[in-house]
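# Observations on the three-dimensional arrangement
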Amino acid sequence: MAVASPLRVLSIATLFPDAARPNFGLFVEKSLRALAAQPGIELTVVAPIGLPPFPLSLHPRYRKLRALPRIEHWSGLTVHRPRFPLIPRIGARLNPAMVARAVLSAVPSQTFEVVDAQFFYPDGPAAMRVAAALSLPFSAKARGADISYFGHDPATAPQLLAAAVKAAGLLAVSCAMRREMAAIGIDPTKVAIHYTGIDGARFSPGDRNEARTALGMNDAPAILTVGALITRKGQALVIKALPALPDVHYWLAGVGEEEGRYRALARQLGVEARVHFIGSVANADLPQLYRAVDAVVMPSVSEGLANAWVEALACGTPIVISDAGGAAELVTSPVAGRIAARTPEAIASAVRAILANPPAPSDVAASLAGRFDWDRNGRELADHLRRCAGR
């Protein structure tokens, strides 16, 4: 009996870790590693690097990116890193064509059977162009802001919708994400749900007091937000809730443009002593941080299905989140936490309810019901791409 040849996959990922940004798109790396581990898969990853024209390219944030290798073996994957011209803030509509050109320049002589876009924008329209040039089918995955922002921006939505029409198959990180895709005109019958994964050996319940001691925390109630310090993530609402939570300390893991404003807000409200900015936290250190706090609070404007939500629950810590994206697919009972309105009063009330009746960490972790697993994630992605390729 003949053995089937491996499915040759070209995956495009504009968010993917590198030496300069080790946490950048880490969940994409994990998903693609899980895909590559499946039998009968031959995977090539292209992670294009956007660099602005001179003299903007001299900015320190781009200096390390310029030094990255054009091709390397990263976490067991072969990763190409071609450059494409990037015009910050105003050039979003140009990015798909630029990314596609960079991808085709990186793998001109290799043959593939299917093109995989790890985000819907700019990766999806870029994959559409690459697939057309190579006469291949392609797939695109929706994760959050790629639909909630780029799917509504007149400068980018037409390309995004064109990619949705021409794709052989589509993926979404949650049922809520699929509904949001349908709301902007994407055929929901083409969209399969593809939940993220979790490393259960690392993200699991542990001793809260031990974690707090290791991190130098005292025994005061503690809440945490993990994510970029940007308006969309809603950290300002949590700071505004602190006057109604007089004993609670708030830890912010992440960096971003709003840090100065958040510090000023904390001073203005007289809670600066209870607001702790701890900067970017390595993924390896997140489990201990999740275990140390009483709740993870993330009142985002929009999400697909945030990895931080799943990671916190896996570590036994309940979450307080806004009714965004797949929130209702995770918070299915009070054990998992609360879905709260995006107001300081509602956030404070939800936190108080959890502190008054804290659930057992093992019960919180059990609320995930085994739905989030990297091997399952890789297996489902492989099956999806096989269908797209007509296998």
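Remember, predicted model here, so these are calculated numbers, not experimental data.

## A look at the sheet that holds strand 14 (residues 295-298)
- Read from one edge to the other, the open sheet built from 6 strands follows the order 13-12-11-14-15-16, with strand pairing classed as parallel. Of all strands in the sheet, those bounded by a partner on one side alone are strand 13 (275-279) and strand 16 (337-339). The sheet shows a mean angle of 20 degrees between the axes of neighbouring strands, direction not considered.
- Both strand 11 (residues 222-226) and strand 12 (residues 249-253) contribute to a ladder of 5 bridges, which runs parallel. Bridge assignment links Val226 to a residue of strand 12, and that residue is Ala253.

## Description of the packing of aromatic side chains
- Tallying each qualifying case throughout the model produces 5 aromatic pairs.
- Summarising the aromatic geometry, the rings of Phe203 and Tyr290 are spaced 6.3 Å apart at their centres and angled 55 degrees between planes, so their arrangement reads as tilted. One end of the pair, Phe203, is in the loop between strand 10 (191-193) and helix 8 (208-215); the other, Tyr290, is in helix 11 (residues 286-292), and 87 residues separate them in sequence. In this pair, the class of Phe203 matches that of Tyr290, namely buried.
- Taken together through their ring pairs, the aromatic side chains of Tyr121, Tyr149 and Phe150 make up a single cluster.

## Remarks on the nonpolar core
- Formed by 79 residues in total, the largest nonpolar core has its most connected members in Phe120, Met181, Ile186 and Tyr290.
- Other than its neighbours up to four places away in sequence, Ile186 contacts Phe120, Ile147, Leu160, Leu161, Ala164, Leu170, Met181 and Val191.

## As for helix 3 (residues 95-106)
- Helix length check: helix 3, at 12 residues, gives a terminal C-alpha distance of 16 Å against a target of 16 Å (1.5 Å per residue), a fit within 8%.
- Those residues of helix 3 hidden inside the fold are in contact with strand 1 (7-12), strand 2 (41-46), strand 5 (77-80), strand 6 (83-85), helix 4 (123-134) and helix 6 (157-166).

## Structural notes on the pattern of salt bridges
- Tallied over the full model, the rule gives 12 salt bridges.
- Among the salt bridges present, the one from Arg33 reaches Glu29, with a minimum N-O distance of 3.1 Å. Residue Arg33 and its partner Glu29 are both found in helix 1 (residues 26-36); the two are separated by 4 residues, about one turn of the helix.
- In this structure Arg33 comes out as partly exposed when scored by relative accessible area, which is 38%.
- Salt bridges linked by common partners bring Arg8, Glu113 and Arg391 together as one network.

## Quick look at the environment of Asn23
- Mapped onto the elements of the fold, Asn23 is located in the loop between strand 1 and helix 1.
- A relative accessible area of 33% places Asn23 in the partly exposed class.
- In this structure the C-alpha to C-alpha distance between Asn23 and Val281, which are 258 residues apart in sequence, comes to 8.7 Å.
- The contacts of Asn23, once residues within four sequence positions are left out, are Ser280, Val281, Ala282 and Asn283.
- A distance of 3.1 Å separates the side chain of Asn23 from the backbone oxygen of Val281, its partner in a polar contact.

## Some details on the sheet that holds strand 2
- The strand order 4-5-2-1-7-8-9-10 describes an open sheet built from 8 strands, whose pairing is mixed. The open sheet is flanked by strand 4 (71-74) and strand 10, the only strands paired with a single partner. For this sheet the average axis-to-axis angle between neighbouring strands, irrespective of direction, equals 25 degrees.
- In this structure, strand 7 (residues 114-117) lies alongside strand 8 (residues 138-142), joined through 3 bridges in parallel fashion. Bridge assignment links Val115 to a residue of strand 8, and that residue is Phe138.
- Running over the sheet, helix 7 (residues 175-183) touches strand 8, strand 9 (169-172) and strand 10 and is turned about 125 degrees from strand 9.
- Of the strands in this sheet, strand 1, strand 2, strand 7, strand 8, strand 9 and strand 10 are in contact with helix 16 (residues 374-388), which crosses strand 9 at around 160 degrees.

## Comments concerning helix 16
- For helix 16, with 15 residues, the first-to-last C-alpha span of 21 Å sits near the 21 Å given by 1.5 Å per residue.
- The elements touched by buried residues of helix 16 are strand 1, helix 1, strand 2, strand 7, strand 8 and strand 9.
- Its side-chain oxygen placed 3.1 Å from the backbone nitrogen of Asp375, Asp373 serves as the N-cap of helix 16.
- Two residues or fewer past helix 16, Gly390 is found with a positive phi of approximately 75 degrees.

The rules behind the values
Residues numbered from 1 in each chain as written. Predicted model: local features only at pLDDT ≥ 70, side-chain atom pairs only at ≥ 80, totals over all residues. Heavy atoms only, no water. Pairing = 2+ DSSP bridges. Helix = DSSP H or I, 4+ residues; strand = E, 2+ residues; numbered from the N terminus. Axes fitted to C-alpha atoms, helices over the stretch in contact; angles between N-to-C directions. Phe/Tyr/Trp six-rings, centres within 6.5 Å; stacked < 30°, edge-to-face > 60°. Buried < 20%, exposed > 50% of the residue type's maximum accessible area, 1.4 Å probe, protein only. Core = buried A, V, L, I, M, F, W, Y, C linked by side-chain atoms within 4.5 Å. Contact = heavy atoms within 4.5 Å. Expected span 1.5 Å × (residues − 1). Salt bridge = Lys/Arg side-chain N within 4 Å of Asp/Glu carboxyl O. Polar contact = N/O pair within 3.5 Å; in protein donor to acceptor, adjacent residues only side chain to side chain.

Without other data, these values stay purely geometric and don't point to any function.
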